[in-house]
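# Report on the structure
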Protein chains: 2
Amino acid sequence: MIIAFENYLRLQTDLNGADIRRIGALAVPRKLRRNEFLLREGEVCRHKVFIVSGLLRTFGLTPDGSEHILQFSPENTWTLDAESYDRQIPSHYSISAVEPGEVLLWTKADFDGLLEEIPQLKSFAGQLISRNIYSGRQRLLTALSATPEKKYEDFIKNSPELLSRLPLRMIAAYLGISLKTLNRVRQAQLLRS
Amino acid sequence: MIIAFENYLRLQTDLNGADIRRIGALAVPRKLRRNEFLLREGEVCRHKVFIVSGLLRTFGLTPDGSEHILQFSPENTWTLDAESYDRQIPSHYSISAVEPGEVLLWTKADFDGLLEEIPQLKSFAGQLISRNIYSGRQRLLTALSATPEKKYEDFIKNSPELLSRLPLRMIAAYLGISLKTLNRVRQAQLLRS
DNA sequence: TGAAATTAGCGTCAAATGACCTCTTTTTGA
DNA sequence: TCAAAAAGAGGTCATTTGACGCTAATTTCA
């Protein structure tokens, strides 16, 4: 499990073997069952999380109890609630497993130490954060401007591999449309093809 | 004009006087007229921008030509298109002045130099970026989940000072609702009070 | 394996929304 | 200062959307 993570670092960064092992050595593995929570709204996000296998979702609840999904995190990606983690304050969002899977956890103290000791890790983390910002912007623009049709098309274009792994109601919760509307969009696409 | 910026840094950071003057020395002032563009979609964002006075907006265009506003930037805030600036690639968004105003510009080369030389500036910049991420998250959740009523209430709660400075059509373009719907929401609020 | 839970899909209906239009008032900039 | 442009407000109407209820198929997990 940690091997998989070390391979990821080898492929995605130019970190040397010693540093990679140092990072892996501080990771704590954890298995997740379907629907198990990694973080609940109101708790403090105490770990940085790398997903080795499985699929997580980050979502917020509205007062009426409905879920809205901010992010899906499949294998070989990272997740956390940034504000809660950075400032160690209660989180506004929850993170739970859509599929069973395995993750690696680092405490903030440990990871901050690694960032200080390994400049290349810091630069890599910065790149990940940047990419997140860019895609978040695009996502906001789509949420503001696109029709349900367009939102669904964008989703398929950006995340084709997730389509078959997610129940439609979660895709609807991610796009900010009702399941009914999503079904209508899909129906219309079938007719057109 | 640069004095105002230096005061801002004095208030918001613990940078010392020498560093503050060093940062100010590399700034290039520019005046903006109403509706003047600072960045056009397709251009590369070559500067970091601090707004001394006035009000800017960052927006994206949809294929049908309608504008959707990602961000308002009033005095004493910063703006740029992060992806275009970081990677020096054509921007997906435009930035223009809602009100006439004054801004300070730093080229990426100059600002990168300052970040290297002044660790406290780097840490301050990091804080600003973080805050931007947090509020972007919240904004996305609102865009996905809230009714037009709630979106407008959130806007008033988060940015009361902008309400009187913006034409309603821009508020509508920021909230992702039509001007008609915004008017209906406002009408309903008048009746309720 | 088999019962229970979840999911996909559809019909109906009421409500919300946006497109298009007009009219008046306010603001802008030459 | 004054003509032109922009903004605010509202009316009508067609369309889109979501809420609710139902059934059948699929998946989950004890």
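Computed from a predicted model, the values in this text were never measured in an experiment. (Residues numbered from 1 in each chain as written. Chains lettered and ligands numbered in written order. Predicted model: local features only at pLDDT ≥ 70, side-chain atom pairs only at ≥ 80, totals over all residues. Heavy atoms only, no water.)

### Examining the overall build of chain A
Inclusion rule: Only DSSP runs of H or I with at least four residues qualify as helices, and only runs of E with at least two residues qualify as strands; both kinds are numbered from the N terminus onward. Values of the radius of gyration come from C-alpha atoms, whereas the globule rule sets the reference at 2.2 Å times the count of residues to the power 0.38. A simple rule labels every residue: compare its accessible area, found with a 1.4 Å probe on the protein chains alone, to the largest value its type can have, and call it buried under 20%, exposed over 50%, or partly exposed in between. In this analysis, two residues are considered to be in contact whenever any of their non-hydrogen atoms come within 4.5 Å of each other. Two residue types count as positive, namely Lys and Arg, and two as negative, namely Asp and Glu; His and chain ends fall outside the count. One atom stands in for each charge, and that atom is NZ of Lys, CZ of Arg, CG of Asp or CD of Glu.
Counting its regular elements, chain A contains nine helices and six strands. Over its C-alpha atoms chain A spans a radius of gyration of 18 Å, differing by no more than 12% from the 16 Å that the globule rule assigns to 193 residues. By the burial criterion, 45% of the 193 residues in chain A qualify as buried. The long-range fraction of contacts in chain A, counting pairs at least 24 apart against all pairs at least 6 apart in sequence, stands at 68%. Measuring between centres, the 26 positive side-chain charges of chain A sit 5 Å from its 22 negative side-chain charges.

### Some details on empty space enclosed by the protein
Condition: With a 1 Å grid laid over protein atoms only, a set of points is called a cavity when a 1.4 Å probe fits there but cannot get out and a pocket when it is open yet has protein on both sides within 12 Å along at least five of seven lines; lining residues have an atom within 4 Å of a point. Grid points are joined across faces, edges and corners, and a volume is the space filled by probe spheres set on the points. Charged residues are taken to be Asp, Glu, Lys and Arg, nonpolar residues to be Ala, Val, Leu, Ile, Met, Phe, Trp, Tyr, Cys and Pro, and polar residues to be all remaining types, Gly included.
Taken as a whole and judged by the stated rule, the model has one cavity of 30 Å³ or more. When its volume is computed, the largest cavity comes out at roughly 30 Å³. For the largest cavity, the full set of lining residues is A:Tyr134, A:Arg137, B:Asp81, B:Ala82, B:Glu83 and B:Tyr93. Breaking the lining of the largest cavity down by element, the ones donating at least two residues are helix H5 (119-145) of chain A together with helix H3 (82-87) of chain B. Across the lining of the largest cavity, the residue classes break down as three nonpolar, no polar and three charged.

### Quick look at the interface of chain A and chain B
Basically, it comes down to this: By definition, the buried area sums, over both parts, the 1.4 Å-probe accessible area that each loses when the two are put together. The definition of a polar contact used here is a pair of N or O atoms within 3.5 Å, where within protein one atom must be able to donate a hydrogen and the other to accept one, and adjacent residues in sequence count solely through side-chain atom pairs.
Contact with chain A, which involves 29 residues of that partner, is made by 29 residues of chain B. For the pair chain A and chain B, the two sides together bury roughly 2500 Å², of which 66% comes from carbon and sulfur. In terms of surface lost to chain B, no three residues of chain A exceed A:Tyr134, A:Arg137 and A:Leu144, which account for 30% of the buried area on that side. The tally of links from chain A across to chain B stands at four residue pairs in polar contact (both at pLDDT 80 or more). Looking at the side of chain A that touches chain B, the elements that each hand over two or more residues are strand E3 (47-61), strand E4 (67-74), helix H3 (82-87), H5 and helix H8 (168-175) of chain A.

### Here we look at the packing of helix H4 (residues 108-117) of chain B against helix H5 (residues 119-145) of chain B
All names here are of chain B. Where we set the bar: Axis definition: a line fitted to C-alpha atoms, limited for helices to the stretch in contact. Angles are taken between N-to-C directions and run from 0 to 180 degrees. Note on angle classes: values under 35 degrees are labelled roughly parallel, values over 145 roughly antiparallel, values of 65 to 115 roughly perpendicular, and the remainder oblique.
At a minimum axis separation of 5 Å, H4 and H5 run at an interaxial angle of 110 degrees. In this view, H4 runs roughly perpendicular relative to H5, as classed from their interaxial angle. Together, Phe111, Leu114, Leu115, Glu116 and Glu117 of H4 and Pro119, Leu121, Lys122 and Ala125 of H5 make up the contact between the two elements. Residue composition of the contact of H4 with H5, by class: six nonpolar, no polar and three charged.

### Observations concerning the protein's contact with DNA strand C
How we decide: For this description, a residue counts as near a given molecule or strand if any of its non-hydrogen atoms is within 4 Å of it.
Around DNA strand C, the structure places 14 residues, and the nearest of them are A:Arg169, A:Lys180, B:Ser178, B:Thr181 and B:Arg184. The protein-proximal atoms of DNA strand C, defined as those within 4 Å of the protein, are 58% sugar or phosphate. Interatomic distance of 2.8 Å between a side-chain N/O atom of B:Ser178 and a phosphate oxygen of DNA strand C. Contact distances for DNA strand C include 2.3 Å between a phosphate oxygen and a side-chain N or O atom of B:Thr181. At the level of elements, H8 and helix H9 (179-192) of chain A together with helix H9 (179-192) of chain B are the ones that each hand at least two residues to the surface near DNA strand C. Classifying every residue of the surface near DNA strand C by side-chain character gives four nonpolar, four polar and six charged.

### Quick notes on the protein's contact with DNA strand D
As a matter of local geometry, DNA strand D sits amid 14 residues, with A:Ser178, A:Thr181, A:Arg184, B:Leu168 and B:Arg169 nearest to it. At 2.6 Å from a base nitrogen of DNA strand D is found a side-chain nitrogen or oxygen belonging to A:Arg184. With respect to DNA strand D, the backbone of B:Leu168 contributes an N or O atom lying 2.8 Å from a phosphate oxygen. With four residues, the single largest contributor to the surface near DNA strand D is H9(B).

### Thoughts on the relation of the copies chain A and chain B
Put simply, the test is: Superposition of the copies was done by least squares, using only C-alpha atoms of residues whose pLDDT is at least 70 in both.
Its rotation angle being 180 degrees, the transformation that places chain A on chain B also includes 0.0 Å of axial translation and leaves an RMSD of 0.0 Å. Such a turn and shift between the copies fits a two-fold axis. Identified as the residue of chain A closest to the rotation axis by C-alpha distance is A:Leu140, at 2.9 Å. The residues that chain A uses at the interface reappear at the interface of chain B in 100% of cases, marking a shared surface.

### Some remarks on the environment of B:Gly42
All names here are of chain B. Take Gly42: it is sitting in the loop between strand E2 (37-39) and strand E3 (47-61). Gly42 sits in the partly exposed class, given a relative accessible area of 45%. Excluding residues that lie within four positions of it along the chain, Gly42 makes contacts with Pro90 and Ser91.

### A short note on the pattern of salt bridges
Residue and element names in this part refer to chain A. Going by this rule: Whenever a carboxyl oxygen of Asp or Glu lies within 4 Å of a side-chain nitrogen of Lys or Arg, that contact is scored as a salt bridge.
Applying the stated criterion to the full structure yields 20 salt bridges over all chains. One salt bridge in this structure joins Glu75 and Arg165, with 2.9 Å as the shortest N-O distance. You can see Glu75 sitting in the loop between E4 and strand E5 (77-79) and its partner Arg165 sitting in the loop between helix H7 (160-163) and H8, a full 90 residues away along the chain. For Arg165, a relative accessible area of 23% puts it in the partly exposed group. Each of Asp19, Arg22 and Glu117 takes part in a single network of salt bridges with overlapping partners.

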